[in-house]
Amino acid sequence: MSMTAGSPPVVVTLAEIARIAGVGRAAVSNWRRRYDNFPSPVGGTDTSPHFSLPQVEEWLRRENKLKTGLNPLDRLWPEYESLGDRKTAGLLVAQVGLRQSGINAGGQAVEPLLDQRQARLLERTLELADPDEKHTTFDLLLERWLRTHVRQVTTTPVQLARLMARAAAMNHPKPVQTVLDPACGVGTLLVAAGRQWGADHAAGLRFLGQDSDAVLVELAKARLAVRGFTERDLSNVSLAAGDTLRTDAHPAAQADVVLSNPPSNERDWGHAELATDPRWVYGQPPRTEPELAWVQHVMASLAPGGVAVLVLPPAVAARRAGRRIRAGLLRSGALRAVIALPPGAAPPYSVGLHLWILCADGAPGRGGADGAKLTFVDTTHAGEPVSVDRGGVDWSAVTAQIVGVLGGTSTLGSVSVSVVDLLDDQVDLTPARRVPRTRAATILDMRRHWTQFEAHMRELRDAADALSALVPTDGDETVPLISVGELERAGALEIRTGQGLPESLVRRGERQEDETRVLTGAPLAGQAQLWLPASAVAAGEQDGSLTVTASQDVIVSALARAFDVRVDTDAPSVLGPQLVALRANPAVLDPWFLSGCLRAPANVHRAGTHASTTSRIDVRRLHIPRLSLEEQRRYGEIYRKITVFERKLTDMKGVGGELSRALGDLLAAGQLPRA
């Protein structure tokens, strides 16, 4: 592979090697063990090593490990990563899309002048690309770029974007000439708008957008161009970089449709400096309600009869601070529908987000919202989850339910409530509080919970059978004890104390690719899901600023009031300052035996100071019995079963509570059979 002299070396991870070779990552790890001549790491860490791309390619060819039919761009992508930063690689990916679409970005790009290395990489990419499938090359590069920077860039799922465009079309039957996204990101919603309206009058459809990240703006332009929604000179596209609320790039916009997934939970959005802004027709947004600032900005950008569909956090519908603005939106007839989406529909995947449909003066109501009523739709029970680990969504069922309600052909999971009835002290617009649960949804939940309950019951019975067969030994023989401090001095274990976390990098929600779990305190099980990117974990582990566990480490919560001990079976984990990791030497100490003994209540009284509720446990003062390794392993296996027994009891309590509530709902509705 040719490279410009003096350019930084191109390195790849194990995952990239697997992609280049067309195999799974486990196969690459197996090659490293089996082949003595496998290239040695040139950087990275022990958990995430980096390898020289030329050396890897040479080895793959020599050992005949390259599968035929591999996309040549898979071998080219590491060079994009080696450019050194997110901005440079992103702008180059955008240039690929624009050049393939026959558009010379020239003055359009943020930094149109490429250095020699970037220019050569761009030309080689265009040479490798199939001219008949221009979108394939750009889509592949964009997907890799987004995956690499998933922590910094949040995108709207394509299925949700298409649903939003369809909902807007149902509320705006007239021709659409201008579409706006004031927080456009990489342009997913604008592309969905192009699909919805561009096929009929592409030359007349104008795209307006803005984003604070200039790289995302360029990628959005490229996406529109690749899909064929732009003129050759981009004359029908006006996408700008900047802070939309503070410096609106389209102050005179009269958009027929606004589709947007604006940023949420931002505190520095300009509350003080925008205090007298004319956009606040429904009231000045409180500092804690930035989402309602976006709602009013969108309303100010709509043409008469225009329609907006926004993705908003569920708290916006109920927070007390925003009740006056919500009441104003209701009184004016601007807010027409609030739709609750199931968890997993969009980031953050653990939260069920809402869609708000707003109409400017003169827009006809749809789905029962005639100006005096607000339509609520609850789709949280639409279909079965399609992915348990990511809380996936049955988009066909969700779309069918929403389209049916908005089109007036169905009332499934919906209700239209008089505005007068909503204007109380709270002005709570949460659909779940208004839409009665359907019998079908309740029965579906019951089936799911009974299946889970029966599975937990089987595992609990197996654990109970094993534990009930245990008989305590007779006699008063005293087993000698040894402290953790003594074990440390003897080299039987290593004590590693948790440290402060880089709060700005910690992310809450469902795990994304290449993220590591963060533990911050007790209880160790059932904590909120917190994550750190692999790059930050690797750097923190290397410079000693983070404590990262290995498999079978014993984690101890050091607070006396919340003492807890667990074997880390999901390593690696990053430990916060209230936690301690004990790394046992497996030749002399069994980690499960260690964990079970440390967790005994007597140890807390022995090792704690009990001076206050914030007293800490002195881990070195905890004791365990002196037993042979063989005996430790036997006791360790018993503790494994105790752990399973305890976990299944907790699981059954949660599922049993859900079943009780579902049965209560059916009982209250008179829908249970008589005995």
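Keep in mind it's a predicted model, so treat the numbers as computed, not measured. (Residues numbered from 1 in each chain as written. Predicted model: local features only at pLDDT ≥ 70, side-chain atom pairs only at ≥ 80, totals over all residues. Heavy atoms only, no water.)

## Focus: the overall build of the protein chain
Within the protein chain, the regular secondary structure consists of 21 helices and 23 strands. Relative to its full complement of 675 residues, the protein chain shows a buried share of 49%. Restricting the contact set of the protein chain to residue pairs at least 6 apart, pairs at least 24 apart contribute 74%. Summed over all atoms, the accessible surface of the protein chain reaches about 31700 Å², with 51% contributed by carbon and sulfur. (Helix = DSSP H or I, 4+ residues; strand = E, 2+ residues; numbered from the N terminus. Buried < 20%, exposed > 50% of the residue type's maximum accessible area, 1.4 Å probe, protein only. Contact = heavy atoms within 4.5 Å. Areas by Shrake-Rupley, 256 points an atom, 1.4 Å probe, with all protein chains shown as cover.)

## Here's the deal with the packing of aromatic side chains
Counted by the stated rule, this structure contains 9 aromatic pairs. Summarising the aromatic geometry, the rings of W31 and W59 are spaced 5.7 Å apart at their centres and angled 50 degrees between planes, so their arrangement reads as tilted. Highlighted residues: W31 in helix α2 (residues 25-34) and W59 in helix α3 (residues 53-62), separated in sequence by 28 residues. Both residues of the pair, W31 and W59, belong to the buried class. Look at W450 and F453: their rings are 5.7 Å apart centre to centre, the planes differ by 85 degrees, and that puts the pair in the edge-to-face class. Of this pair, W450 and F453 both sit in helix α16 (residues 439-468), separated by 3 residues, roughly a single helical turn. A connected cluster of aromatic rings, assembled from ring pairs, spans W31, Y35, F38, F51 and W59. (Phe/Tyr/Trp six-rings, centres within 6.5 Å; stacked < 30°, edge-to-face > 60°.)

## What about helix α12 (residues 323-332)?
When α12 is considered as a whole, its buried residues turn out to be I325, R326, A327, G328, L329 and L330. Elements that come into contact with the buried residues of α12 comprise α11 (290-301), β9 (335-340), β10 (354-359), β11 (373-378) and α14 (419-422). Of the residues flanking the end of α12, it is G333, one or two places downstream, whose phi is positive at about 80 degrees.

## Some words on the sheet that holds strand β14 (residues 493-497)
On the basis of which strands lie adjacent, the open sheet formed by 4 strands has the order β14-β22-β19-β20 and antiparallel pairing. At either end of the open sheet lies a strand with only one pairing partner, and these are β14 and β20 (564-567). Taking each pair of neighbouring strands and ignoring which way they run, the sheet shows an average axis angle of 20 degrees. Note: strand β19 (residues 554-557) against β20, 4 bridges, orientation antiparallel. Its bridge partner lying in β20, S557 is registered against D564. Along the sheet, helix α19 (residues 591-598) contacts β14, β19, β20 and β22 (579-584); its crossing angle with β20, the most-contacted strand, is approximately 170 degrees. (Pairing = 2+ DSSP bridges. Axes fitted to C-alpha atoms, helices over the stretch in contact; angles between N-to-C directions.)

## Some remarks on a nonpolar patch on the surface
On the surface, W450, L663, L667 and L672 cluster together to form a nonpolar patch covering roughly 350 Å² of accessible area. Here L663 is to be found in helix α21 (residues 629-668). (Patch = residues over 30% accessible without salt bridge, like charges linked within 9 Å, V, L, I, M, F, W, Y side chains within 5 Å. Salt bridge = Lys/Arg side-chain N within 4 Å of Asp/Glu carboxyl O.)

## Thoughts on the sheet that holds strand β21 (residues 573-575)
The strand order across the open sheet formed by 5 strands is β15-β17-β16-β21-β18, and the pairing between neighbours is mixed. Among the strands making up the open sheet, the edge pair consists of β15 (507-508) and β18 (547-548). Sheet analysis places strand β16 (residues 515-519) next to strand β17 (residues 530-533), joined by 4 bridges and oriented antiparallel. Looking at β17, one finds that E515 is bridged to P533. Against the sheet, helix α18 (residues 534-543) makes contact with β16, β17, β18 and β21, and its axis sits at roughly 75 degrees relative to β17, the strand it touches most.

## Quick word on the packing of α19 against α21
Following both chains from N to C, one finds α19 and α21 inclined at 65 degrees, their axes separated by 7 Å at the closest point. The element α19 and its partner α21 pack so that their crossing is left-handed. Judged by residue contacts, W592, F593, S595 and G596 of α19 engage Q632, Y635, G636, Y639, R640 and T643 from α21. Class assignment for the residues of the contact of α19 with α21 results in 4 nonpolar, 5 polar and 1 charged. (Left-handed = near helix turned anticlockwise from the far one by under 90°. Nonpolar A, V, L, I, M, F, W, Y, C, P; charged D, E, K, R; others polar.)

## Points about the pattern of salt bridges
Opposite charge on two side chains permits them to pair, given that their charged atoms come into close proximity. Scanning the entire structure with this criterion turns up 26 salt bridges. The salt bridge involving K221 is made with E218; its shortest N-O contact spans 3.3 Å. Of this pair, K221 and E218 both sit in helix α10 (residues 214-226), separated by 3 residues, roughly a single helical turn. Of the two residues examined, K221 and E218, each falls in the buried class. For D243, the salt bridge identified is with R246, shortest N-O distance 2.8 Å. Residue class for D243 comes out partly exposed when judged on its relative accessible area of 31%. Because the salt bridges share partners, they merge into one network encompassing D243, R246, D268 and E273.

## Quick word on the packing of helix α1 (residues 14-21) against α2
Relative to each other, α1 and α2 sit at 105 degrees, their axes nearing to 8 Å. Judged by the angle between their axes, α1 and α2 are roughly perpendicular. Seen from α1, the contacting residues are L14, A15, I17, A18 and A21; seen from α2, they are R25, V28, S29, W31 and R32. Of the residues that constitute the contact of α1 with α2, the class distribution is 7 nonpolar, 1 polar and 2 charged. (Parallel < 35°, antiparallel > 145°, perpendicular 65-115°, else oblique.)

## Observations regarding unusual backbone geometry
Most of the time, phi is negative for any residue but glycine, and the peptide bond is trans. The amide bond that connects P347 to the next residue, P348, takes the cis arrangement and shows omega of -5 degrees. Positionally, P348 belongs in the loop between β9 and β10. Geometrically, the link from A571 to P572 is a cis peptide bond, its omega value of 5 degrees lying close to zero. Considering the arrangement of structural elements, one finds P572 in the loop between β20 and β21. Not every positive phi belongs to a glycine, and N265 is a case in point at roughly 60 degrees. For N265, the position within the fold is in the loop between β7 (255-260) and α11. Not every positive phi belongs to a glycine, and V427 is a case in point at roughly 50 degrees. With a relative accessible area of 3%, V427 lands in the buried category.

## Thoughts on the nonpolar core
Formed by 48 residues in total, the largest nonpolar core has its most connected members in L160, M164, W197, L224, L259, L355 and I357. When residues in this core are grouped by element, the largest group, 9 residues, is from helix α8 (residues 158-171). With sequence-adjacent residues up to four places away left out, L259 is seen in contact with M164, A165, A168, L180, D181, L189, A193 and V309. Membership of the second largest hydrophobic core comes to 34 residues, among which are A255, A334, L335 and L358. (Core = buried A, V, L, I, M, F, W, Y, C linked by side-chain atoms within 4.5 Å.)

## Points about the confidence of the model for the protein chain
Taken residue by residue, the protein chain gives an average pLDDT of 83. The fraction at 70 or more is 85%. Across residues 1-6 the pLDDT falls below 50, and counting only partners more than four positions away or on other chains, this stretch makes 16 contacts in the model. Residue range residues 385-391 is modelled with pLDDT below 50. Its contacts to residues more than four positions away, or to other chains, number 13 contacts. (pLDDT = per-residue confidence, 0-100.)

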